[in-house]
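Summary of structural features
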Amino acid sequence: MSKAHDVNEDDLEIHGPKSAAAGVTAVRVSMQRAIGHMGVKNTAKTLLKLNQADGFDCMSCAWPDPDPEHRHAAEFCENGAKAVAEEATKARATPEFFARHSIAELDSHDEHWLGQQGRITHPMVKRPGGTHYEPIAWDEAFKLVAGHLHRLDSPDQALFYTSGRASNEAAFSYQLFARAFGTNNMPDCSNMCHESTSIALAESIGIGKASVSMNDVYQADVILIAGQNPGTNHPRMLSALEIAKRRGAKIIAVNPLREAGLHNFRNPQVPRGIVGKGTEIADLHLPIRINGDLAFFQALGSLLVEWDALDHDFIERHSTGFEQWAQHVAAVDWTTVETATGLTRQQITEAAEMIRASDKTIYCWAMGLTQHRNAVATIKEVCNVAFARGDIGKPGAGLFPIRGHSNVQGDRTMGIWERPPAQFLDALQAEFGFDPPREHGFDTVNAVRAMRDDEAHVFVGLGGNFVQAAPDTPVTARALMRTRLTVQISTKLNRSHLVCGETALILPTLGRTEKDVRGGKEQFVSVEDSVCAVHASRGVLEPASPELRSETAIVCGIAEATLGDRYGIRWAAMADDYDVVRDHISRVVAGCEDYTAKVDRPGGFILPHPPRDTRTFDTKSGSAEFVCSPIDVLQVPDGHLLLQTLRSHDQFNTTIYGFSDRYRGIEGGRRVVFVHPDDIEALGFRDGDMVDLSTRWDEDEIDRVAPAFRIVSYDTPRGTAAAYYPETNPLVPLDSTAEGSNCPTSKSVIVSLAPMDSTVRRTGSFESFSAQDSTGSDEGHKKRPEIKHLS
């Protein structure tokens, strides 16, 4: 579990960030990575089918595809190409590889090195007391899982985690298995990202999904983007924004950092993006203070009410609570607003004037809004502003949470949720003849608590890298190691295979890029994107190993070994023919009638969304609900900074592709902390100093430390800082979560900086920092180039 963290200060240089996104550099990087991993033939074979109607869906973000007739031949972004290259790599982690490397040795390597070892080719097991993984037959693996599940005192002692990559067919089968087994313990990655969105939207509009289509984006007058960095996290969004801009849209970026993707975007899909000057996407950038968004949106509302810039027809016919909300925002204290946001009244007024002048506004957001203590209230405030303007249920307007993982929304639609609605469980009972458990299960945070407290003994992970993704890394690591069995359904090696239970299984699965032949025919799967569009996905490559099985087949294999013919569920038939799964989906999941036929059409189909389609709202009141929330100003003690965790341009979630965050000017490493130059001076440091980041959360009085970060002078609001996750996940307390959603508060961590403690750095004890360090091992520093902050 421990590893060394040696950083040579002489290896680090500081210059300045880039000002343009994409263009020729993106094309060059995409092709270099793809050809280097896959070779020329497979690069062409995969990338020309990526996000095409007859191809496979990108395993990266959930940005929606254009209509089939409007797609480019190269309908992918740089990071999508990287994701495909990582999955379709020619490298292999065979049984011989695992025989050569003990678990302890593998754990001494950084996360990037682990991922570069290639596709896992065979099922592998770590026996109790074992030092190495060894091969295991599929049937034996399934029986091993079943035996552990049967020995539990209660089904609620098992946890069934889902990553957002799983297909709809796999997700539906997985939730069916868990509930037939007897539990709603279905934590998922959404618990750590957009859970605040799901809760807020469900209570405000009756459904936890975006109320827009791609055509709405193109038709909008104003697009407000808050707490989101499209250039890195959803690069294809920039192409859609460019189209909107060319049609006259104004774009407001509300984000602490001025991200390159929204300034001087060079679209690599068109000639002018390669040789031209690019497009200035954002008309207005508001460098908001971290956690100031609630105050910002209330201030917008206050101005709109003051100006009577309101859609009275929508308010009167479709909403409730407006009068109370109008009185609430009219009394907003502007001194409090300016303190909370770090913005002037003039800056906020400029944004409000753009919205007032707009007949059609879209409100976009991502993790920058969802991972705070007051996240649910903030998103409800976004809804309030949209309701005041009537910006829902009409073309060119709406609410647009941008999902970060390719099928995280589809998984929730298929029933992956620890708090399933009663109507879904009723439909499941009608279809399969058993009464599913009705008591809510464990979400991600509560799953960690359950393992920590010996209330859960089996952890099954359908994709993902749980120990890297979850907060409070040392706590999560110790919790996983207390379990009797961990099962990881994976394509490649990651930290969660090494931080594991007494017995551990790695079950290797097919990737999106690969053909899936079951029952004598080629199968396809389906996914749902951020705008409720559901469509088919078909791989094009031969599997990395003949031993691989699909996620659906693995889930059904475990289920059959565990449950047999209980309730008459035909697990083998579902594993061999996904049409059988889809037939069940068509009768259980609302809006999915005739599912197989509809999903296999070019472009698929759109799920119903009552607020979008008919301005009807399945809320307690039956209307769109204005909600009043107090403005919280997060108090940061003197000598401290408010830290947000974020991605590098060279990673996807916990997968580290490389060490280039070129849009922010960082090359060759990841352990950097971005700080305003005035704060650097005020804290007694210099640009380039090496520091440890620490936090002490008052509610548990535990000192948390993430060591060995290089200070980088950066244009971020005073009093705030930013650094990459998962390196900073150890600083996020397990119990620091959003009210109402229990989402970890990864975007508002109060930290202090101290000169780097070489003792802590060299011991590597995960008691004081994370069990993993994506860039910190001795070996990694020998091989990687210096960190440079490039101009």
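Below is a short write-up of the structure. (Residues numbered from 1 in each chain as written. Predicted model: local features only at pLDDT ≥ 70, side-chain atom pairs only at ≥ 80, totals over all residues. Heavy atoms only, no water.)

If you trace the six strands once around the closed barrel, you get β24-β32-β29-β31-β30-β33, paired in mixed fashion. Looking at each pair of strands side by side, their axes are set apart by 45° on average, direction ignored. (Pairing = 2+ DSSP bridges. Helix = DSSP H or I, 4+ residues; strand = E, 2+ residues; numbered from the N terminus. Axes fitted to C-alpha atoms, helices over the stretch in contact; angles between N-to-C directions.)

A few words now on the nonpolar core. The nonpolar side chains of a soluble globular protein tend to be buried with one another. Residues L149, F160, F172, F177, L505, L507 and W571 are the most contacted members of the largest nonpolar core, which totals 63 residues. Beyond its immediate sequence surroundings of up to four residues, W571 is in contact with S173, L176, F177, C556, A559, E560, L563 and G564. (Core = buried A, V, L, I, M, F, W, Y, C linked by side-chain atoms within 4.5 Å. Buried < 20%, exposed > 50% of the residue type's maximum accessible area, 1.4 Å probe, protein only. Contact = heavy atoms within 4.5 Å.)

Below, the discussion takes up the packing of aromatic side chains. Going through the model one piece at a time under the given rule, you end up with 24 aromatic pairs. Taking 5.6 Å as the distance between ring centres and 45° as the angle between the ring planes, the aromatic pair formed by W138 and F142 counts as tilted. Placement of the pair is W138 and F142 together in helix α6 (residues 138-150), with a separation of four residues, close to one helical turn. With respect to burial, W138 and F142 carry one shared label: buried. Just above the ring of F524 sits the side chain of R582; from NZ or CZ to the centre is 3.9 Å. The ring of F605 has K598 sitting right over it, with the charged end atom 4.5 Å from the ring centre. (Phe/Tyr/Trp six-rings, centres within 6.5 Å; stacked < 30°, edge-to-face > 60°. Lys NZ or Arg CZ within 6 Å of the ring centre and 35° of its normal.)

Below, the discussion takes up the sheet that holds strand β13 (residues 361-365). If you walk across this open sheet you meet the five strands as β11-β9-β8-β13-β14, and the pairing is parallel. Every interior strand has two partners, whereas the edge strands, β11 (284-286) and β14 (398-401), have only one. Pairs of neighbouring strands in the sheet enclose a mean axial angle of 15°, with direction left out of account. Strand direction decides the pairing type here: strand β8 (residues 222-226) and strand β9 (residues 250-254), joined by five bridges, are parallel. Within the sheet, the bridge partner assigned to I225 lies in β9 and is A253.

Further remarks concern the side chain of N79. Note on placement: N79 falls in helix α2 (residues 78-87). One polar contact links the side chain of N79 to the main-chain carbonyl oxygen of H649, over a distance of 3.3 Å. Look past the residues within four positions of N79 in its chain and what remains in contact with it is S60, T232, P235, H649, Q651 and Y657. (Polar contact = N/O pair within 3.5 Å; in protein donor to acceptor, adjacent residues only side chain to side chain.)

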